[in-house]
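Tertiary structure, described
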Amino acid sequence: MPDHRPEVTDDFAKLCDIVAKLRAPGGCPWDREQTNESLLPALIEEAYETAEAARAQDDAHFREELGDLLLLVVMHAQIARESRRFGIEEVIEHVSHKLIRRHPHVFGTSEARDAAAVLKQWEAIKREEKKTDSHYLASLPKALPALVRAQKAQSKAARVNFDWTELRDVMAKVEEELRETKEAIQSQKQERIQDEIGDLLFAVVNLARKCKIDAESALQSATDKFVARFNRLEDELKTRGRKLGEVELAEMDAIWETIKMTKVE
């Protein structure tokens, strides 16, 4: 695709002007009422919808969702500008400086030669920038989805060599946590069961990471597969004149097994 940077710059400025007008007196009442706090749910929702479009490999939808996400970024910056905190220019300037600073192998003299070396270098530079953080994982966001946060914590720990080298050790840990979960269930102590299930999930996320699989994406795909199969189960029941909630598990399970064998999701 040809490079159209001047046109992109003009289009971006136009977008910023549109958002400013929406927020100005005489603009859109809904847009004028928004705050950085009120827009946070929309920001999170649009990020998820963008991810969904990317996974679906639907370029038209992906383009649209990226636009919605960009709109919210510009809106947040516009709200900050109105209270004289910062504007979109400072946002762009800050991230540009950060990219240059954290990529000395591209913009400087570092010789990081592969992705692993780049990540270690990135972490070292980030730690130097954030000397006020008391611990290495202090910057790990608590607001991340649990699977994402677990995998990110494990990946960051691995960059400072806190990681199993052999996959069999990770699998053994999963088996150990499953065994402890079974023991906790037998104890019938809810707090212990929750603790052990958490450890089991954490171990499974680590297994996904060691297999170079994104745990969040893997679970999303598994859920999509379940939903597709359950929809087909419901359709099959309808053809038999039956309804969900009125059918015994054995009958539904037999249909389910047939659906699984057809390999059509």
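Computed from a predicted structure; not experimentally measured.

A word on the overall build of the chain. Within the chain, the regular secondary structure consists of twelve helices and zero strands. Seen in sequence order, the chain has helices and strands lined up from the N terminus as α-α-α-α-α-α-α-α-α-α-α-α. Relative to a compact globule of 265 residues, whose C-alpha radius of gyration would be 18 Å, the chain shows 25 Å and is clearly more extended. In terms of its C-alpha atoms, the chain occupies a principal-axis envelope of roughly 65 × 50 × 40 Å. Expressed as a percentage of its 265 residues, the buried residues of the chain come to 23%. Accessible area for the chain stands at about 19000 Å²; split by element, carbon and sulfur atoms hold 57% of it. Here the chain contributes 42 positively and 51 negatively charged side chains, and the mean placements of these two sets differ by 4 Å.

With nine residues, the main nonpolar core is built from C16, V19, L39, L72, V74, M75, A77, I79 and I88. Looking at this core, the elements with two or more residues in it are α1 (5-23) and α4 (59-82). If you tally residues by element for this core, the top one is α4, at five residues. With near-sequence residues (within four places) excluded, I88 lies in contact with F12, C16, V73, A77 and R81.

So, about the packing of helix α11 (residues 215-239) against helix α12 (residues 249-262). Here α11 crosses α12 at 120°, and the two axes come no closer than 10 Å. With respect to α12, the axis of α11 lies oblique. Considering how the two elements wind past one another, α11 and α12 form a crossing that is right-handed. Residue-level contacts link F226, R229, F230, R232, L233, E236 and L237 of α11 to E251, M252, I255, W256, I259, K260 and T262 of α12. In terms of residue class, the contact of α11 with α12 is made up of eight nonpolar, one polar and five charged.

Rules used throughout
Residues numbered from 1 in each chain as written. Predicted model: local features only at pLDDT ≥ 70, side-chain atom pairs only at ≥ 80, totals over all residues. Heavy atoms only, no water. Helix = DSSP H or I, 4+ residues; strand = E, 2+ residues; numbered from the N terminus. Rg over C-alpha atoms; globule rule 2.2 N^0.38 Å. Buried < 20%, exposed > 50% of the residue type's maximum accessible area, 1.4 Å probe, protein only. Areas by Shrake-Rupley, 256 points an atom, 1.4 Å probe, with all protein chains shown as cover. Lys, Arg positive; Asp, Glu negative; His and termini not counted. Charge placed at Lys NZ, Arg CZ, Asp CG, Glu CD. Core = buried A, V, L, I, M, F, W, Y, C linked by side-chain atoms within 4.5 Å. Contact = heavy atoms within 4.5 Å. Axes fitted to C-alpha atoms, helices over the stretch in contact; angles between N-to-C directions. Parallel < 35°, antiparallel > 145°, perpendicular 65-115°, else oblique. Left-handed = near helix turned anticlockwise from the far one by under 90°. Nonpolar A, V, L, I, M, F, W, Y, C, P; charged D, E, K, R; others polar.

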